[in-house]
Amino acid sequence: MSLIEELTWRGMFHDAMPGTAEHLAANAPITGYIGFDPTAASLHIGNLATIMLLVHLQRAGHRPLALVGGATGMIGDPSGKSAERNLLDETTLRHNQAGIQAQLEKFLDFSEGPTGALVVNNYDWFKNFGFLEFLREVGKHLTVNYMMAKDSVKRRIGGGEDGDSSGISYTEFSYQLLQGYDFVHLNKTLGCTLQMGASDQWGNITTGTELIRRLANADEREAKAYALTGQLITKADGTKYGKSETGTVWLDPKLTSPYQFYQFFLNAADADAPRLIRVFTLLSKAEIDTLEAEHAAAPHLRILQKALAADVTTRVHSVEATEAAIAASQVLFGGGDLASLDEATLLDVFAGVPHLRVLRDEMTELNAATFLSDFTLNKIFPSKGEARKMIQAGGVSINREKVTSPDAPVAALQHLASKYLVVQKGKKNYFLVELV
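About the cut-offs
- Residues numbered from 1 in each chain as written.
- Predicted model: local features only at pLDDT ≥ 70, side-chain atom pairs only at ≥ 80, totals over all residues.
- Heavy atoms only, no water.
- UniProt positions renumbered as here; feature names shortened; annotations may be inferred.
- Helix = DSSP H or I, 4+ residues; strand = E, 2+ residues; numbered from the N terminus.
- Buried < 20%, exposed > 50% of the residue type's maximum accessible area, 1.4 Å probe, protein only.
- Contact = heavy atoms within 4.5 Å.
- Areas by Shrake-Rupley, 256 points an atom, 1.4 Å probe, with all protein chains shown as cover.
- Lys, Arg positive; Asp, Glu negative; His and termini not counted.
- Charge placed at Lys NZ, Arg CZ, Asp CG, Glu CD.
- Pairing = 2+ DSSP bridges.
- Axes fitted to C-alpha atoms, helices over the stretch in contact; angles between N-to-C directions.
- Core = buried A, V, L, I, M, F, W, Y, C linked by side-chain atoms within 4.5 Å.
- Phe/Tyr/Trp six-rings, centres within 6.5 Å; stacked < 30°, edge-to-face > 60°.
- Lys NZ or Arg CZ within 6 Å of the ring centre and 35° of its normal.
- Salt bridge = Lys/Arg side-chain N within 4 Å of Asp/Glu carboxyl O.

Per an unreviewed UniProt entry, the protein chain is named Tyrosine--tRNA ligase, and its organism is Hymenobacter glaciei. Of the comments in the UniProt record for the protein chain, the one headed Catalytic activity (unreviewed entry) reads "tRNA(Tyr) + L-tyrosine + ATP = L-tyrosyl-tRNA(Tyr) + AMP + diphosphate + H(+)". Under the heading Subunit (unreviewed entry), UniProt records this for the protein chain: "Homodimer."

A. Broad picture of the overall build of the protein chain. What the protein chain contains, in helices and strands, is 19 helices and 13 strands. Looking at the protein chain residue by residue over its 436 residues, the buried ones come to 48%. Here the analysis covers contacts within the protein chain between residues at least 6 apart in sequence; of these, 72% occur between residues at least 24 apart. Summed over its atoms, the accessible surface of the protein chain is roughly 20700 Å², and 52% of this surface lies on carbon and sulfur atoms. Both charge centroids of the protein chain, one from 41 positive and one from 50 negative side chains, sit 3 Å from each other.

B. Here's a closer look at the sheet that holds strand β1 (residues 13-16). One open sheet holds the six strands; their spatial order is β1-β6-β5-β2-β3-β4, and the pairing between them is mixed. Strands at the two margins of the open sheet, each flanked by one partner only, are β1 and β4 (118-121). For this sheet, the mean inter-axis angle between neighbouring strands, taken without regard to orientation, is 25 degrees. With six bridges joining them, strand β2 (residues 31-36) and strand β3 (residues 63-68) adopt parallel strand pairing. Bridging across to β3, Tyr-33 finds its partner in Leu-65. Relative to the sheet, helix α11 (residues 202-218) contacts β1, β5 (192-198) and β6 (226-230), its axis offset from that of β6 by approximately 170 degrees.

C. Inspection of the nonpolar core at higher detail. Core analysis: the largest hydrophobic core is formed by 56 residues, its most contacted members being Ile-45, Ile-51, Phe-265 and Phe-280. Ile-45 has contacts with Tyr-241, Gly-242, Val-249, Leu-251, Phe-261, Phe-264, Phe-265 and Phe-280, leaving out every residue within four places of it along the chain. The next biggest cluster of nonpolar side chains, apart from the first, holds 27 residues, and it includes Tyr-33, Tyr-123, Phe-173 and Cys-192.

D. Structural detail: the UniProt feature "short sequence motif: 'HIGH' region" (unreviewed entry) in the protein chain. Per the UniProt record, the feature "short sequence motif: 'HIGH' region" (unreviewed entry) sits at residues 38-47. Annotation note: span residues 38-47, helix share 30%, strand share 0%, distance between end C-alpha atoms 11 Å.

E. The sheet that holds strand β10 (residues 396-398), seen in detail. Pairing in this open sheet of five strands is mixed, and the strands run β9-β13-β12-β10-β11 from one edge to the other. Single-partner strands in this sheet number two, and they are β9 (355-358) and β11 (401-402). Note that β10 and strand β12 (residues 420-425) share three bridges and pair antiparallel. Along β12, the bridge assignment pairs Val-396 with Lys-425.

F. Seen up close, the packing of aromatic side chains. All told, the structure shown has 12 aromatic pairs when counted by the stated rule. Each residue in the set Phe-126, Phe-129, Phe-134 and Tyr-181 is aromatic and connected to the rest through ring pairs, giving one cluster. Stacked on the ring of Phe-381, the Lys or Arg Lys-425 has its end atom at 4.6 Å from the ring centre.

G. Structural detail: the environment of Ser-169. Residue position: Ser-169 is located in the loop between α8 (151-156) and α9 (170-173). A sequence separation of 203 residues divides Ser-169 from Leu-372, and the C-alpha atoms of the two residues are 59 Å apart.

H. How the structure looks around the pattern of salt bridges. This structure, assessed with the given rule, holds 13 salt bridges. With a closest N to O distance of 4.0 Å, Glu-137 and Arg-136 form a salt bridge. In this structure, the salt-bridge partner of Glu-434 is Lys-419, at a minimum N-O distance of 3.6 Å. You can see Glu-434 sitting in strand β13 (residues 429-435) and its partner Lys-419 sitting in the loop between β11 and β12, a full 15 residues away along the chain. What makes Lys-419 partly exposed here is its relative accessible area of 25%. One network of salt bridges, in which partners are shared, links Glu-343, Arg-357, Lys-419 and Glu-434.

Structure (structure tokens):
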């Protein structure tokens, strides 16, 4: 199956320049690249869909390049933006590049050979490229009319229906020239003939192919350059995919924990899961068809979402991280061992419940009824009487152990991660009590 055929059945293909399919078929292995913005120290779920384009390129027998935009990241791409971005210094961008490269290495095969992946940084060829030299050698080949016709520019100067009155600076206006020259440089130095990206990058990508064509014509030589874009990942309702209720879902476990990452995919709507499992996993069509049939027979088991969440979490993090996330997920549904969770995972699991802090030294003489009412400022029960009544009815647990008597001492309770108690009131009400 060809690259475009693979992307098409997965719902990932958006568009390609005429001749791209024939070029891929006749010249394997070709070299193709995608640019990544280093304005954050980590990639996110939106980037992951683009990374998968490179993964499929390599699996189809071609060579993937990941370009980290150390130079263009200092300016900022106006595509999809309504305002000017803050510019980052070189030290910050270098730090971000290192984090991004480490993440890319989890998905691509960087071994030596004709299809081995490479990471390049466009700062390396722009840092000594003088302004006048750039204008003379690059800028003169594209007209202002051509550049202003791009949708990303028209929106910012009021030419589109989403236009912004703040306009666009020359800095961001020139971004497409810089990205276009990236393609020129990679075409000359590494024989790169394909640039890929999300569909909103079509304008910038075709600037590169046009620039290669015009420079080649000026030098009276032949040059091949093609463009291919993937579908933007959106939810069934058309909204952009990649954010949770708490914000961006990052690939870095320090920014989005493996548990939160797993939960993000586990909570995918039934209408979204079929597309997401095609985009974010490498499962075959037969495997996905089987999972979808099983899911349709018992939607409440969320078979599709569980397969999706486990697969992606394992590839982004590790098998161990996935197993821990699954174990933590079971905690809220009556399974799993609370004592087995480390502090970070425990806090993730109970991030949405009331978090109370109490003084450890004042608990030594307390009974359960007092602890659950007066001592916790009546946040769990409004009175000792209410606490006693529910305890006697068997409706209160601490750390999954049923509280059998209102007069039971709490000093003997085992603390989770040395300083937490999880109180369950009824079937659905949880409280996390931290001892300080």
